[in-house]
Every structure is written in structure tokens, then in C-alpha cells.
Amino acid sequence: MFQLHQGTNITYFYAAVAVLLLTSRFTRSSLLKKITAILAIVTFVALGVLYPMDMEKIEEAFILIPLMYVILFPHSLWPIAVAFALLLTYLPSLFSHDIFDFVEDSLEIVVIATFASIMSLYQSKTRQQSLHFQQQSLTDDMTLLGNRKAFLQRLDTEIKATSADSNHSFILILLDLDNFKQVNDQYGHLVGDELLQGVATRLDQFVAQKGCVFRLSGDEFAMILTQADGASIDDSFAALDQQFFNHSENAFDLTNHLIHISMSGGYIQFHHADMDAISVTRAIDLALLSAKKAGKGQLVQYHPSMLDQAKRKVALESELNQAIELSQFTLVYQPKVSLISGEAVGAEALLRWNHPTLGAISPAEFIPIAEKTGLIASIGKWVLLEAMAQLALWQKNDSEFSVSINISAVQVKQGGLVKQITQSISHTGVNPHGIEFELTETSIMEQPERYIDTFESIRNLGCKIAIDDFGVAYSSLGYLTKLPIDVLKIDKSFIDDSATSYPHRMVVKTIVQLSQNLGLQSVAEGVETKEQRNLLREEGVDIYQGYYFSRPVSAAAITPLLNCA
């Protein structure tokens with residue numbers, strides 16, 4: 001009876017050990033975990049000492065005890081300590097067993113516990129290293145912000161959260177530094193890197209608990225504002241707008257330099273999951289592009305129409321490749337009239353694209369695409385041949401008649417323009433003295449020295465050079481004495497109000513006097529009223545063009561206008 005009662009009590013104690021181990025395994029308290037683990041092994045050893053058991057029968061089960069502590073305390077010395085503690089349970093039966101068996105069993109337990117601990121430690125270190133590498137793969141080395149990979153992961157998370165919770169929303173903002181290349185060119189890349197770090201710090205400080213910020217590439221940053229309350233997001237966005245965009249520039253006090261720079265940004269407010277991550281990033285790119293086009297320091301919200309415009313641009317780019325082959329281009333001509341004789345003395349050739357399905361496409365829309373894709377070279381060559389061939393026909397009736405042809409800055413930069421002009425003159429047999437090439441003042445003033453040799457070569461062929469849209473680019477007057485030019489075309493913006501605005505009239509008067517002093521011909525464009533024409537005549541302008549005399553017309557319609565007053 002006593003034996004049975006004693007066995008029952010031992011069973012309860014071993015059950016208590018199991019409970020202690022389970023408690024240590026699942027408790028969230030670090031202190032309670034250690035206490036229950038210690039109590040478990042102490043209880044287990046005490047039971048083994050007080051109530052010795054046949055070690056031959058339970059030695060295999062003993063091996064499991066250190067392994068349990070590997071689970072409880074991975075990558076630690078606990079399992080080894082427990083293994084040595086378990087050896088105490090052998091002491092009561094040590095003298096009834098062979099010493100060799102004791103050593104063998106002891107080594108087996110200790111070696112297994114040690115091996116398990118080492119493997120656990122190795123696994124832990126491997127996991128930590130993997131997490132470290134993963135974190136590095138998500139971090140921008142220079143700014144320590146999240147990189148593009150981290151941005152896409154967070155964006156995907158936010159989109160999924162919005163899909164799961166209709167109350168969840170976020171604002172995605174794409175930021176780009178204005179004229180950052182100039183900073184690198186002027187101060188060097190080390191200062192540029194320091195500026196990027198300063199921008200990153202300032203953006204990160206602003207975001208704080210409102211969201212997160214990432215550096216995607218170069219001088220491009222992304223910001224995600226996420227808060228549970230919609231009004232709070234709006235408040236955060238308003239603060240961002242006030243801090244970074246309502247001032248013309250942000251000052252950054254760097255090492256030995258104080259740099260002022262503005263930012264452009266595009267943003268989209270995401271309320272419902274109707275777009276995936278790819279669509280969202282494309283949308284925000286379009287918003288930023290629109291902001292850059294609008295000028296420095298602009299923050300523009302994405303609108304679906306931007307995507308429509310982008311699709312149209314892609315379609316135009318594709319169709320533009322075949323426009324020449326399919327004879328979709330035509331030239332129209334706007335007469336240029338002498339303010340002295342009142343007769344048409346020339347015409348400006350204007351390119352038009354008439355697409356069979358898209359209709360009439362404005363040059364303002366397709367010329368930038370042509371310049372970007374390099375197609376401007378082949379289009380420009382077609383214009384040269386077409387305009388010169390037409391001028392050659394008109395010169396048979398009026399040898400003094402001239403045609404103005406617009407050229408692009410990209411054509412000059414690509415090289416080979418002078419050769420194309422020479423070949424076109426030879427091919428058409430036109431008198432080059434009747435050819436005038438126009439290039440906008442804005443284009444020339446970006447790098448005026450680039451155009452000097454090209455203009456000289458064109459003039460050596462007998463052609464003339466005109467600066468178009470003169471007066472809008474705040475050009476250095478010193479370059480007018482260096483550039484080999486023949487004509488100044490007064491921009492339409494000054495002509496519009498010249499008859500009613502004294503300041504505008506004075507600008508026109510100043511440009512005319514400047515051209516006269518430099519021996520250049522003056523041409524006024526965009527003349528739409530009789531009052532404007534009369535004023536220009538009074539101020540001594542040589543030639544005008546505009547709707548007052550004629551809209552751009554076909555080549556066939558020019559001949560009857562040549563002798564019209």
C-alpha cells in the first residue's frame with residue numbers, strides 16, 4: 001500500500017515538472033519563464049536523487065530534457081547546464097553500475113546537449129545575418145532611408161490595407177529636387193551627396209509618426225502619409241505643402257556652402273483599392289512630370305486625364321515613325337508683309353500633321369516627341385526639302401521672295417544640319433539668299449556659344465538667321481554682338497497689348513531700336529488688328545505677320561496674296 005501511495009506521489013511530481021515546462025514555454029513573461037524552467041529542472045533532479053530509478057531504463061528519455069531547454073532557450077548555455085544537472089540523478093545508482101557506463105551515459109547526454117546548443121546558436125546567427133542582409137537590401141546606403149524595394153513593399157501593404165478596410169487611406173507623394181544637376185556641376189558630387197542627406201533628414205523629421213519616406217533614385221524621394229483619421233492625413237499634407245512648397249526654395253546649410261533648392265512633387269490620395277502598385281507608381285510619375293512642366297516648386301495632384309495624355313503621347317510616338325512615309329505631313333505658309341510697301345515679301349513655313357484617325361495634331365504636341373525620340377532629324381530633313389522646293393517655284397515669279405524655316409535646337413545638337421541644308425539647296429536649286437532659318441531665343445540662350453559656328457556656316461551658304469520669340473528669355477545682350485544673326489522676331493506676347501499698354505509699346509520700341517543699332521531686320525509676329533499694325537509702322541518695324549493679314553494657308557493660296565496690300 002505504501003509503495004502504491006509513494007508511486008502516486010512521484011507521478012504527481014513529474015506531472016508538476018511537465019506543467020512547469022509548459023508554463024515556461026508559453027508564458028510571455030521573461031522572468032516567469034526563467035523561474036519555471038529552473039523549478040522544473042530542480043524538481044526533476046531532486047526526484048531523481050530522492051527516488052532513484054533504474055538508469056538503464058530511462059537514460060534515453062533523459063536525452064529529451066536538454067532538447068526541451070533548447071526549445072525554451074535557443075542559442076544559450078541552458079541545455080548544457082541542464083545536461084550536467086541531470087548527471088546528479090545518476091549519483092545514487094553510481095556504485096551499483098559500472099563506472100564505464102556512467103561515463104558513457106554522461107558523455108552522451110552532454111555531447112548531444114552541446115551539439116544541439118551549438119546548432120541552435122548557428123541557426124540564430126544565420127537568421128540574424130539574413131535579417132541584416134534583408135534590411136540592407138531595403139536601405140539606401142547614402143541616406144539610410146528605405147530604398148525603392150522597401151517603397152514597393154510598403155506601397156503594396158498600404159494598398160492591401162485599403163482594400164481590407166474602407167476607412168483606411170493614404171497619400172503617396174513623389175518628390176524631385178529642381179536643378180539638382182546644377183548643384184553637382186557647380187559644387188561637386190560630394191556636396192551633392194551632402195545635400196541629398198540633408199533633404200532626407202528633413203523629410204524624415206517631417207514624417208515622424210505620420211508615415212514614411214524613401215529615396216528611390218538620384219534626387220527622387222517618395223513619401224507615404226498614413227494615419228487612421230482622414231482629416232489627420234489632410235492636415236499632414238497641408239503641413240508638407242506649407243513647409244516644402246509654399247516657399248520658393250529651401251535652404252540647406254552644408255559644409256562651407258549654403259544652398260537653396262526647390263522641390264517639385266506629384267501626389268495621389270488613395271481611398272479605395274482600384275489600382276495596383278504598378279498603376280499607382282505610374283500615376284504618381286505622371287503627376288510629378290506635370291509638376292516639373294508647370295515650373296519649379298510645384299505640387300500637382302494626379303488626375304486620370306494625365307494617363308489619357310500619356311497614352312496619347314505613346315500613340316503619337318508610334319504613329320510619328322510612319323508619318324513621313326504615309327505623307328501625313330504638310331506645310332502651310334503664313335505671309336510676311338512689309339510695313340513700308342504693304343506687300344507680302346515672304347512667308348513662314350509651318351509644319352502640320354494631319355492624321356487619318358487622330359485628326360489635326362498641333363506641332364506643340366508632336367514636335368517635343370520628335371525631339372525626344374530623335375525623329376526630328378528625319379522630319380527636319382523633309383521640311384527642308386519641301387520648303388526649299390516650294391520657294392524655288394515662287395522665286396521663278398519673284399526672285400526676292402523668301403521663306404522662313406523653323407529649326408530645332410535638337411537638330412543643331414545632333415550635328416549634320418549644315419550638311420542637310422547644303423544638300424537640300426543643291427537638290428532643289430533654290431537661291432539660298434531667300435532662305436531664313438528661325439530658332440527660338442530660349443533655345444539659343446541655354447548654350448549660346450554652341451550655335452556660333454553653326455550659324456556662321458549657315459550664313460556662309462547665303463542663308464539668313466533669325467532669333468524667334470525675342471524678348472522672353474532675358475538674354476544677355478552681349479551675345480547679340482557675338483551671334484551671327486540677321487533678324488529679331490518680336491514675341492507675340494509684346495504685340496498683343498502694344499496698342500493699349502504703354503510698357504508693352506516701350507518694349508517693342510526698345511527691341512526695334514536695338515535691331516536698328518545692330519543692323520538687324522525686325523519682324524513682329526502675331527499681329528491681329530489694324531491698330532497693332534499702325535503702331536508697329538510708327539515704331540519702325542520692318543515686317544509683320546499675323547491673322548490681320550492672313551492665317552497660315554496652303555502653298556497654292558500664297559500666290560494670289562503676293563501682291564495684296
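Just so we're clear, the structure is a prediction, and the values are computed from it rather than from any experiment.

A.B. asks: Please provide a residue-by-residue account of the overall build of the protein, values included.
C.D. replies: Within the protein, the secondary structure is distributed over 23 helices and 16 strands. For the protein, the proportion of its 565 residues judged to be buried stands at 45%. Counted over contacts in the protein with a minimum sequence separation of 6, partners at least 24 positions apart contribute 66%. Summed over its atoms, the accessible surface of the protein is roughly 29,300 Å², and 56% of this surface lies on carbon and sulfur atoms.

A.B. asks: A description of the confidence of the model for the protein should follow, citing residues and the corresponding values.
C.D. replies: Within the protein, residue pLDDT values average 83, and 87% of them lie at 70 or more. Within the model, the stretch residues 1-6 combines pLDDT values under 50 with 1 contact to residues more than four positions away or in other chains.

A.B. asks: Can you lay out the pattern of salt bridges for me, pointing to particular residues and giving the numbers?
C.D. replies: In this structure the tally under the stated criterion is 18 salt bridges. Here Lys489 makes a salt bridge to Glu525, at a shortest N to O gap of 3.7 Å. Here Glu525 lies in strand β15 (residues 521-525) and Lys489 lies in strand β14 (residues 487-490), a separation of 36 residues in the sequence. Side by side, Lys489 and Glu525 carry an identical accessibility label, which is buried.

A.B. asks: Lay out the packing of helix α21 (residues 502-517) against helix α22 (residues 530-539) with the relevant residues and their values.
C.D. replies: In contact at an axis separation of 10 Å, α21 and α22 are set at 40 degrees when each is read in the N-to-C sense. For the element pair α21 / α22, the angle class is oblique. Where α21 crosses over α22, the handedness of that crossing is right-handed. In contact with Arg505, Val508, Lys509 and Val512 of α21, α22 contributes Leu535, Leu536, Glu538 and Glu539. By residue class, the composition of the contact of α21 with α22 is 4 nonpolar, no polar and 4 charged.

A.B. asks: Got a sec to walk through the sheet that holds strand β7 (residues 299-301)? Specific residues and values, please.
C.D. replies: Strand order in the open sheet made by the 5 strands is β2-β3-β1-β6-β7, with mixed pairing throughout. Each having just a single partner strand, β2 (211-217) and β7 make up the two edges of the open sheet. Taking each pair of neighbouring strands and ignoring which way they run, the sheet shows an average axis angle of 20 degrees. Sheet topology places strand β1 (residues 170-177) next to strand β6 (residues 263-270); 8 bridges connect them, and they run antiparallel. When the sheet's bridge partners are listed, Phe170 is paired in β6 with Phe270. Lying on the sheet, helix α11 (residues 277-294) is in contact with β1, β3 (220-226), β6 and β7; it crosses β6 at an angle near 140 degrees.

A.B. asks: Break down helix α9 (residues 189-207) for me, with residues and values.
C.D. replies: For α9, spanning 19 residues, the distance from its first C-alpha to its last is 27 Å, which sits close to the expected 27 Å at 1.5 Å a residue. Along α9, the residues that are buried comprise Val191, Gly192, Leu195, Leu196, Val199, Ala200, Leu203, Phe206 and Val207.

A.B. asks: Can you break down the packing of aromatic side chains residue by residue, with the values?
C.D. replies: The tally for this structure, following the rule as stated, stands at 9 aromatic pairs. Relative to Trp382, the ring of Phe329 lies with its centre 6.1 Å away and its plane at 45 degrees, an arrangement referred to as tilted. Of this pair, Phe329 sits in strand β8 (residues 329-338) while Trp382 sits in helix α14 (residues 376-395), placing them 53 residues apart in sequence. One exposure class covers both Phe329 and Trp382, and it is buried. Where Trp394 meets Phe401, the ring centres are 5.4 Å apart and the plane angle is 75 degrees; that geometry is what we call edge-to-face. Across the pair, exposure class does not vary: Trp394 and Phe401 are buried alike. Cluster of aromatic residues (ring-pair linked, three or more members): Phe329, Trp353, Phe366 and Trp382. Of note, Arg202 hangs over the ring of Phe252, and the distance from its end group to the ring centre comes to 4.0 Å. Here Arg551 stacks its cationic end above the ring of Tyr547, 4.1 Å away from the centre of that ring.

A.B. asks: Which residues make up the nonpolar core, and what values do they have?
C.D. replies: Ranked by internal contacts, the top residues of the largest apolar core, which has 71 residues, are Phe437 and Leu536. It is α14 that contributes the most residues to this core, 10 residues altogether. Residue contacts for Leu536: discarding those within four places in its chain leaves Leu339, Ile495, Val508, Ala524, Val527, Val541 and Tyr544. Membership of the second largest hydrophobic core comes to 28 residues, among which are Val191, Val207, Met223 and Leu240.

A.B. asks: For the packing of α14 against helix α16 (residues 417-428), give the residues involved together with the corresponding values.
C.D. replies: For the pair α14 and α16, interaxial distance at closest approach is 9 Å and the crossing angle is 35 degrees. The way α14 lies across α16 gives a crossing that is right-handed. Of the residues in α16, those touching α14 at Ala377, Lys381, Leu384, Leu385, Met388, Ala389 and Ala392 are Gln420, Ile421, Ser424, Ile425, His427 and Thr428. Each residue belonging to the contact of α14 with α16 can be placed in one class, and the counts come to 8 nonpolar, 4 polar and 1 charged.

A.B. asks: For the environment of Lys296, give the residues involved together with the corresponding values.
C.D. replies: If you trace the backbone, Lys296 turns up in the loop between α11 and β7. Residue classification places Lys296 among the exposed residues on the basis of a relative accessible area of 52%. The spacing of Lys296 and Asn179 is 117 residues in sequence and 8.9 Å in space, taken between C-alpha atoms. Not counting the four nearest positions on each side in its chain, Lys296 is found in contact with Asp178, Asn179, Ser262 and Ser264.

A.B. asks: Which residues make up a nonpolar patch on the surface, and what values do they have?
C.D. replies: Taken together, Leu31, Ile35 and Leu39 make up a surface patch of nonpolar side chains, about 280 Å² in accessible area. Here Leu39 is to be found in helix α2 (residues 30-50). Residue classification places Leu39 among the partly exposed residues on the basis of a relative accessible area of 41%.

A.B. asks: Let's hear about unusual backbone geometry: which residues, and what values?
C.D. replies: Even without being glycine, Leu144 reaches a positive phi, approximately 65 degrees. Structurally, Leu144 can be placed in the loop between α6 (99-137) and α7 (148-164). Unusually for a residue other than glycine, Asn179 sits at a positive phi of about 60 degrees. Along the chain, Asn179 falls in the loop between β1 and α8 (180-187). What makes Asn179 partly exposed here is its relative accessible area of 33%.

The rules behind these values
Residues numbered from 1 in each chain as written. Predicted model: local features only at pLDDT ≥ 70, side-chain atom pairs only at ≥ 80, totals over all residues. Heavy atoms only, no water. Helix = DSSP H or I, 4+ residues; strand = E, 2+ residues; numbered from the N terminus. Buried < 20%, exposed > 50% of the residue type's maximum accessible area, 1.4 Å probe, protein only. Contact = heavy atoms within 4.5 Å. Areas by Shrake-Rupley, 256 points an atom, 1.4 Å probe, with all protein chains shown as cover. pLDDT = per-residue confidence, 0-100. Salt bridge = Lys/Arg side-chain N within 4 Å of Asp/Glu carboxyl O. Axes fitted to C-alpha atoms, helices over the stretch in contact; angles between N-to-C directions. Parallel < 35°, antiparallel > 145°, perpendicular 65-115°, else oblique. Left-handed = near helix turned anticlockwise from the far one by under 90°. Nonpolar A, V, L, I, M, F, W, Y, C, P; charged D, E, K, R; others polar. Pairing = 2+ DSSP bridges. Expected span 1.5 Å × (residues − 1). Phe/Tyr/Trp six-rings, centres within 6.5 Å; stacked < 30°, edge-to-face > 60°. Lys NZ or Arg CZ within 6 Å of the ring centre and 35° of its normal. Core = buried A, V, L, I, M, F, W, Y, C linked by side-chain atoms within 4.5 Å. Patch = residues over 30% accessible without salt bridge, like charges linked within 9 Å, V, L, I, M, F, W, Y side chains within 5 Å.

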